[in-house]
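Remarks on the overall topology
What follows is the residue order along each chain.
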Amino acid sequence: MIWNEKMECADRSFYEQNTIKWLQKSVRHAYDNVAFYKDKLDSIGMLPEDIKTLADFAKIDFTVKTDLRDNYPYGLFAVPQKEVVRIHGSSGTTGKPIIVGYTKQDMDHWSECIARLVGMAGGSADDVAQIAFGFGLFTGAFGLQQGLEKMGAMVIPMSSGNTEKQLMMMKDLGTTILVSTPSYALYIAEVMAEQGYKPADFKLRLGMFGGEGHTEKMRTQLEERLGIKATENYGLSEVMGPGVCGECIEQDGMHINEDHFYIEIIDSDTGEVLPDGEKGEVVITTLTKEAIPMIRYRTRDISYIIADKCACGRTTKRLAKIQGRSDDMLIIKGVNVFPSQVESVLIGTEHISPFYLLVVTRKGYSDSLEVRVELADESLLEKFSELENLEKSISNKLHSVLGLDAKVRLVEPKSIERTTGKAKKVLDLRGEA
Ligand code: DLL
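What counts and what doesn't
Residues numbered from 1 in each chain as written. Predicted model: local features only at pLDDT ≥ 70, side-chain atom pairs only at ≥ 80, totals over all residues. Heavy atoms only, no water. Salt bridge = Lys/Arg side-chain N within 4 Å of Asp/Glu carboxyl O. Helix = DSSP H or I, 4+ residues; strand = E, 2+ residues; numbered from the N terminus. Buried < 20%, exposed > 50% of the residue type's maximum accessible area, 1.4 Å probe, protein only. Phe/Tyr/Trp six-rings, centres within 6.5 Å; stacked < 30°, edge-to-face > 60°. Lys NZ or Arg CZ within 6 Å of the ring centre and 35° of its normal. Core = buried A, V, L, I, M, F, W, Y, C linked by side-chain atoms within 4.5 Å. Expected span 1.5 Å × (residues − 1). Pairing = 2+ DSSP bridges. Axes fitted to C-alpha atoms, helices over the stretch in contact; angles between N-to-C directions. Patch = residues over 30% accessible without salt bridge, like charges linked within 9 Å, V, L, I, M, F, W, Y side chains within 5 Å. Areas by Shrake-Rupley, 256 points an atom, 1.4 Å probe, with all protein chains shown as cover. Domains from an automatic or database assignment. Contact = heavy atoms within 4.5 Å. Buried area = accessible area lost by both parts, 1.4 Å probe. Polar contact = N/O pair within 3.5 Å; in protein donor to acceptor, adjacent residues only side chain to side chain. Disulfide = S-S within 2.5 Å.

This part is about the pattern of salt bridges. Counted by the stated rule, this structure contains 29 salt bridges. The closest approach of N and O atoms between Arg12 and Glu258, which form a salt bridge, is 2.7 Å. In this pair, Arg12 sits in helix α2 (residues 12-33) while Glu258 sits in the loop between β9 (254-256) and β10 (261-266), placing the two residues 246 residues apart along the sequence. Since its relative accessible area comes to 11%, Glu258 is described here as buried. One salt bridge connects Arg28 with Asp32, and the closest N-O pair in it is separated by 2.7 Å. With Arg28 and Asp32 both in helix α2 and four residues apart, this pair spans about one turn of that helix. With a relative accessible area of 47%, Asp32 lands in the partly exposed category. Residues joined by salt bridges that share partners form a network here, namely Arg362, Asp367, Asp428 and Arg430.

Moving on, we get to the packing of aromatic side chains. Within this structure, the stated rule accounts for eleven aromatic pairs. For the pair Tyr15 and Trp22, a centre-to-centre distance of 6.0 Å together with 70° between the ring planes defines the contact as edge-to-face. Across this residue pair, the class does not change: Tyr15 and Trp22 are buried. Measuring from ring centre to ring centre gives 5.0 Å for Phe135 and Phe142, while their planes differ by 85°; the resulting arrangement is edge-to-face. The cationic tip of Arg86 hangs over the ring face of Phe142; the distance from NZ or CZ to the ring centre is 4.8 Å. One cation-aromatic arrangement involves Arg296 over Phe57; the distance from NZ or CZ to the ring centre is 5.8 Å.

To continue, consider the nonpolar core. In this structure, Leu148, Tyr234, Ile263, Ile284 and Leu319 are the most contacted members of the largest nonpolar core, which totals 73 residues. A total of eight residues in this core trace back to one element, the largest contributor, which is helix α6 (residues 104-121).

Turning to α6, a few remarks are in order. With 18 residues, α6 should cover 26 Å at 1.5 Å per step; its first-to-last C-alpha distance of 26 Å lies within 8% of that length. When you tally the buried positions in α6, you get 15 out of 18 residues, the bulk of the element. Positive phi shows up at Gly122, right after α6, with a value of about 100°.

Pairing is mixed in the open sheet, where four strands are placed in the order β20-β19-β18-β21. Each edge of the sheet is formed by a strand with only one pairing partner; in this case those strands are β20 (407-411) and β21 (426-428). Direction aside, the axes of adjacent strands within the sheet are offset by 20° on average. Bridge count between strand β18 (residues 352-363) and strand β19 (residues 366-375): nine bridges; the pairing is antiparallel. From the neighbouring strand, Ile352 faces β19, where its bridge partner is Leu375.

A surface patch of nonpolar side chains, amounting to about 250 Å² of accessible area, comprises Tyr74, Ile87 and Leu137. Checked against the element boundaries, Leu137 lands in the loop between β3 (128-131) and α7 (139-151). Residue classification places Leu137 among the partly exposed residues on the basis of a relative accessible area of 41%.

Once that is clear, we can look at the pairing of strand β12 (residues 297-303). The element β12 is largely enclosed, with a buried count of six among its seven residues. Note that strand β11 (residues 280-286) and β12 share four bridges and pair antiparallel. Bridge pairing in β12 links Glu281 to Ile302. Two strands pair when backbone bridges link them, and β12 and strand β15 (residues 324-325) are joined in this way by two bridges, in the antiparallel orientation. Opposite Asp301, over in β15, you have Arg325 as the bridge partner.

This paragraph deals with the domain arrangement of the protein chain. Reports often express the size of an interface as the amount of accessible area lost when the parts come together. Domain boundaries in the protein chain define domain 1 (1-327) and domain 2 (330-432). Measuring from the centre of the C-alpha atoms in domain 1 to the corresponding centre in domain 2 gives 30 Å. If you look at the interface, domain 1 gives 24 residues, while domain 2 gives 17 residues. Where domain 1 abuts domain 2, roughly 1,700 Å² becomes buried across the two surfaces, and 58% of that area is made up of carbon and sulfur atoms. Considering only the side of domain 1, the residues that lose the most area to domain 2 are Glu190, Thr215 and Lys217, jointly responsible for 25% of the buried surface there. If you look at where domain 1 meets domain 2, you find two salt bridges. The partner of Lys414 in a salt bridge is Glu194, and the shortest N-O contact between them spans 3.1 Å. Summed over the shared surface of domain 1 and domain 2, the result is nine residue pairs in polar contact (both at pLDDT 80 or more). Elements supplying a minimum of two residues to the side of domain 1 that touches domain 2: α9 (182-194), α10 (216-226) and β15.

The next point concerns unusual backbone geometry. Note: most residues except glycine have negative phi, and most peptide bonds are trans. At the junction of Tyr72 and Pro73, the peptide bond is cis and its omega measures out at -5° in the coordinates. Locating Pro73 in the fold gives a position in the loop between α5 (65-70) and β1 (84-89). Positive phi is not limited to glycine here, since Lys333 has a value of about 50°. Relative to the helices and strands, Lys333 resides in the loop between β16 (330-332) and β17 (335-337).

This part takes up the state of the cysteines. The full count for this structure, using the stated rule, is zero disulfides. Cysteine Cys248 is unpaired, with the sulfur of Cys310 as its nearest cysteine sulfur at 3.7 Å. Its sulfur unpaired, Cys312 is 3.6 Å from the next cysteine sulfur, which belongs to Cys310.

Okay, here's the thing in structure tokens:
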């Protein structure tokens, strides 16, 4: 169902006419209330009202993650603390988190954006949604919860972990939508099979996955193992959390909530804005955020914009599946390697499980990549020549995709750590030599 037809199916001219006005308004709010943005505009002699075209807007310097760290905790807030009703933070593992805030109106907008995403994914008020993201500073769980409730769905706030209980609730309460990271969903599917369940034993029909990417092959695995249609959605704490964009059932790019976010794609090296369809770094500007507006925030995520009409009837532009993060990219012997390239080779290969780990080491000046691949079951453990053939065939495939020799190490079933949140797929030991 289309939650907000007026906004999601508006004529393109509506967005073309209003985007500049919305940008001006958001920049004005930031300029008037946050010294950081006032300095940014003053340094180029620009006032918010000088933004007459998208090219004018592109003259404003980018905002980056360290700007949030440098202004920790409240330095980028644009409203007095008493107007802030909620705090969230980034999922970073080391150091101080990034802190973001929401006013009452921000919370309303957030629920609205998520309700649209639920509709896009094919959810409705009839659904029972199990949230298996961790509740806490992470934006995923609370964000999805309030939007699902706005839609009228029934929410089960399970949080992450305790997988057997997740399955019990899923079965007993008749869960129809699973909300989690794709890697946790895969783990849930594994435990489901171990316990002798089949997808048909559950009412599950839809996955709303996000917080990290997954390849198309991984999507197929999730759909088959859980008996669902798997959709994904994208966002980041700095600009709201989930709610920026989400896939419709066509599964071909994520519809952007264009009345709340303006997305540019830039060339990471030159900073130049690229046309629709060209791949580069995603830069997001919030159009309505009150508590902490973000102007031209560099996400480090790599994607492109799909502007043609979607078969679902929505007219909003779409963000293609995130291709990786520029800081996920490994450079090994001068070759660029994204974990997603490795995943695209591994997933679906016979005899191996979808869990893997990339280990990068350095000896002297030479880097090497080892790909730890887990055997699906014990059946090959004693068969030396078959193991050797499997290893060789994976290594050849990796060579043709990566253009690099990677050592493939087959490891025992269940020996790679499972995750209930965002998976860590790379162990880079180069700094430790
Ligand atoms: O992960 C917000 C979120 C929660 C989005 C739940 C969707 C669902 P952060 O913890 O700040 O916020 O992490 C943001 O996660 O810059 C991407 O690198 C990555 N990410 C999030 N969703 C996707 C996705 C949330 N669908 C960072 N595909 C972002 C690929 C994603 N990467």
